[in-house]
Amino acid sequence: MLDKKIPPPIVMLCFALLMWWCSRLFSPIELDAILTTSLAFLLTIIGILIDVTSLYWFWKHKTTINPLNPDATSSLVSKGTYKFSRNPMYLGLVFFLTAWAVYLTTPLCMLGVAGFIVYITIFQIKPEEQALEQHFGEEYRHYKARVRRWI
């Protein structure tokens, strides 16, 4: 089902490249470099913490981290970061892109973050959810009812 998809980190890098290109076409806002760099660094650290913690929970449950093959999932992870978001790894990628937009200081670059969220939701998350619902049935439906898709 998801075998022809682009891996989400590659999708994120494509959006980051588009954001960089956008920052070259449109004038950045003059902001304090220390402030923007510090905020971008903080957002990056948050993204790293979310992703590493999320990967840990997959590792602990001995299930696949490959988002292109949800049928290989051996258990439904609902602990740690997965108590607050059904997709914390993608949320971590959103933090990376937001940090990049802040660093670029071009407000139009935030459209890249929004575009990534829309793309991942439509082409990655929704097909994953269908596969997980088929795989785990009622257990996944209960999880979906308790935990939001993003945050």
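Up top is the structure these notes are about.
Not measured: the values here are computed from a predicted model.

1. Observations regarding helix α3 (residues 88-104)
With 17 residues, α3 should reach 24 Å at 1.5 Å per residue; the first-to-last C-alpha distance of 24 Å fits that figure. Taken across its 17 residues, α3 has 13 buried, putting it largely inside the fold. Phi for T105, located one or two positions after α3, is positive at around 55°.

2. Quick word on the environment of Y56
Checked against the element boundaries, Y56 lands in helix α2 (residues 33-60). A sequence separation of 34 residues divides Y56 from Y90, and the C-alpha atoms of the two residues are 15 Å apart.

3. Concerning the layout of surface pockets
Each pocket or cavity is described by its volume, and for the largest pocket that value is around 570 Å³. What lines the largest pocket is a set of 28 residues, among which F58, P67, M89, Y90 and E128 lie closest to the centre. Where the lining of the largest pocket is concerned, the elements lending two or more residues are α1 (8-25), α2, α3, α4 (110-136) and α5 (138-146). Tallied by class, residues from the lining of the largest pocket come to 19 nonpolar, 5 polar and 4 charged.

4. A look at the side chain of Q124
Topologically, Q124 is positioned in helix α4. Within the local environment of Q124, its side chain forms a polar contact with the side chain of E128, the two groups lying 2.8 Å apart.

Reading guide: rules and limits
Residues numbered from 1 in each chain as written. Predicted model: local features only at pLDDT ≥ 70, side-chain atom pairs only at ≥ 80, totals over all residues. Heavy atoms only, no water. Helix = DSSP H or I, 4+ residues; strand = E, 2+ residues; numbered from the N terminus. Expected span 1.5 Å × (residues − 1). Buried < 20%, exposed > 50% of the residue type's maximum accessible area, 1.4 Å probe, protein only. 1 Å grid on protein atoms, 1.4 Å probe; cavity = no way out; pocket = protein on both sides within 12 Å on 5 of 7 lines; lining within 4 Å. Points joined across faces, edges and corners; volume = space filled by probe spheres on them. Nonpolar A, V, L, I, M, F, W, Y, C, P; charged D, E, K, R; others polar. Polar contact = N/O pair within 3.5 Å; in protein donor to acceptor, adjacent residues only side chain to side chain.

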